[in-house]
Amino acid sequence: MEAHHPSKILMTADTVGGVWNYSLELVRALAPFGTQVVLATMGAPLREEQREQIEDISNLTVHESDYKLEWMDDPWADLEKAGEWLLKLKDEVQPDVVHLNGMVHGNLDWGIPVVVVVHSCVMSWWRAVKGEDAPKEWDRYKERVTRGLQAADMVVAPTQAMLHQAQELYGPFKSSTVVYNGRGQYSFQFGKKEPFVFSMGRVWDEAKNIATLAHIAADLPWPVYIAGEDKHPATGKTMELENVHFLGQLSEKEVSDWLSRASIYALPAKYEPFGLTILEAAMSGCALVVGKTESLAEVWGNAAKYVDPNSADELRDTVADLIEDEFARNIMAMRAIKRSHGYTSDPMGQDYDHVYRQLMKASITA
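Quick notes on the rules
- Residues numbered from 1 in each chain as written.
- Predicted model: local features only at pLDDT ≥ 70, side-chain atom pairs only at ≥ 80, totals over all residues.
- Heavy atoms only, no water.
- Pairing = 2+ DSSP bridges.
- Helix = DSSP H or I, 4+ residues; strand = E, 2+ residues; numbered from the N terminus.
- Axes fitted to C-alpha atoms, helices over the stretch in contact; angles between N-to-C directions.
- Contact = heavy atoms within 4.5 Å.
- Expected span 1.5 Å × (residues − 1).
- Buried < 20%, exposed > 50% of the residue type's maximum accessible area, 1.4 Å probe, protein only.

1. Let's talk about the sheet that holds strand E8 (residues 194-200)
Now for step 1: Pairing is parallel across the open sheet formed by six strands, whose spatial order is E10-E9-E8-E11-E12-E13. With partners counted over all chains shown, the strands left at the sheet margins are strand E10 (244-248) and strand E13 (305-307), one partner each. Averaged over all pairs of adjacent strands, the angle between their axes in this sheet comes to 25°, without regard to strand direction.
Now for step 2: As paired elements, E8 and strand E9 (residues 224-227) share four bridges and run parallel to each other. In the strand pairing of E9, Met-200 is matched with Ala-227.
Now for step 3: In the packing of helix H12 (residues 326-340) onto the sheet, the strands contacted are strand E11 (262-267), strand E12 (287-291) and E13, and the crossing angle to E12 comes to about 80°.

2. Some remarks on the environment of Leu-241
Now for step 1: Of note, Leu-241 is situated in the loop between E9 and E10.
Now for step 2: Each C-alpha atom of the pair Leu-241 and Tyr-141 lies 37 Å from the other, and the pair is 100 residues apart in sequence.
Now for step 3: In contact with Leu-241, not counting residues within four places along its chain, are Ala-214 and His-215.

3. Side note on helix H3 (residues 76-93)
Now for step 1: Given a rise of 1.5 Å per residue, 18 residues ought to cover 26 Å, and the 26 Å separating the end C-alpha atoms of H3 matches this to within 8%.
Now for step 2: Of the residues making up H3, those classed as buried are Trp-76, Asp-78, Leu-79, Ala-82, Gly-83, Trp-85, Leu-86, Leu-89, Lys-90 and Val-93.
Now for step 3: Contact partners of the buried residues in H3: strand E1 (8-14), strand E2 (36-42), strand E3 (60-64) and helix H5 (139-151).

4. Observations regarding the environment of Val-37
Now for step 1: Residue position: Val-37 is located in strand E2.
Now for step 2: Val-37 sits 61 residues away from Val-98 along the chain, and the two C-alpha atoms are 9.9 Å apart.
Now for step 3: Residues in contact with Val-37, not counting those within four places in the same chain, are Ile-9, Met-11, Val-27, Leu-30, Asn-59, Leu-60 and Thr-61.

5. Side note on the pairing of E1
Now for step 1: Most of E1 sits out of view: six of its seven residues are buried.
Now for step 2: As paired strands, E1 and E2 are joined by seven bridges and run parallel to one another. Directly across from Ala-13, in E2, lies its bridge partner Thr-41.

6. With respect to the side chain of Glu-280
Now for step 1: Mapping Glu-280 onto the fold places it in helix H9 (residues 276-283).
Now for step 2: Excluding residues within four positions of it along the chain, Glu-280 makes contact with Arg-183, Phe-188, Met-200, Val-255 and Leu-259.

7. Description of the sheet that holds E3
Now for step 1: Here we have seven strands laid out as an open sheet, ordered E3-E2-E1-E4-E5-E6-E7, and parallel in their pairing. Pairing within the sheet leaves two strands with one partner each, and these edge strands are E3 and strand E7 (176-178). The average undirected angle you get between the axes of adjacent strands in this sheet is 20°.
Now for step 2: Judged from the five bridges that link them, E2 and E3 form a sheet pairing that is parallel. Paired with Leu-39 across the two strands is Val-62, which belongs to E3.
Now for step 3: Its contacts with the sheet put helix H1 (residues 19-30) on E1, E2, E3, strand E4 (97-100) and strand E5 (114-117), and the angle it makes with E1 is roughly 160°.
Now for step 4: Where helix H13 (residues 345-365) meets the sheet, it contacts E1, E4, E5, strand E6 (154-157) and E7, and its direction lies at approximately 145° from that of E5.

Set out below in structure tokens:
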């Protein structure tokens, strides 16, 4: 017998990273199946723009908290409280399935099917960015994440590469699968391209490695525009660099406008388990220059130029070549657009719906 679409899902999301956009995209994509989503948010209160984003999503109810996330400083007491809060919410809303976008609450006593998504993790981040295993103070994190993931009925990752890493670090899992992230194409358009290089992210984020792009900007014939926080959280200092224009925090609408005009999108990331901003750039017809990582190669194939994230020279030369060669730039832009069509939110919604129904069916027969 075919299991019904879930009528209600309890989902968690943090409000401080890409998981927020991913969650809203998924909620919208589940609407055609008649699935209501109760979203429990953590990490920080919703910003004004985030409140506006959720206004028109008819199948969404949000419950807010500002409990710390598992990777934050000394989060353990908060994670306990968040767990109690989530179980209480579960009793109130009576969902068919729990979908966790954080990992440590996978082993709570849910009593219904649980999906945990590994969007990224500290252990794999440390290996990719620092080239070594995370230090001892992350042992407790590792142990809690391992328990959460091993207890889940299904572990989902946004790429095969991320799933392999998670299995190696925290496995074995009861069940696992890959569901590629998606973005709604309606948000992004291909505009008249202008001569500049664009990038997005926090400048001091070692994983995104935008600092390397900022440092080679002076050697490029085109200006480099960077959207995102340019003040370092610890020192409060901003970067002042030649030929780099920092745009600060932009709204979704502003981001979409910049992307539609940018000729090249550069993100020489050392660690990027999927890369939603790269997908947005591809949908907007930018030629892509990205870090050569397993996950990005899996997502983009021949639709991006890859650079060694540790080589500023390689980044400079690759971007400069694209600036010089309009023909090559147009080919890369077309490839990126074509490839981006495989990562829209509809297939993502269908894939998750399939996972939920499988689990519901298994729990009925169990």
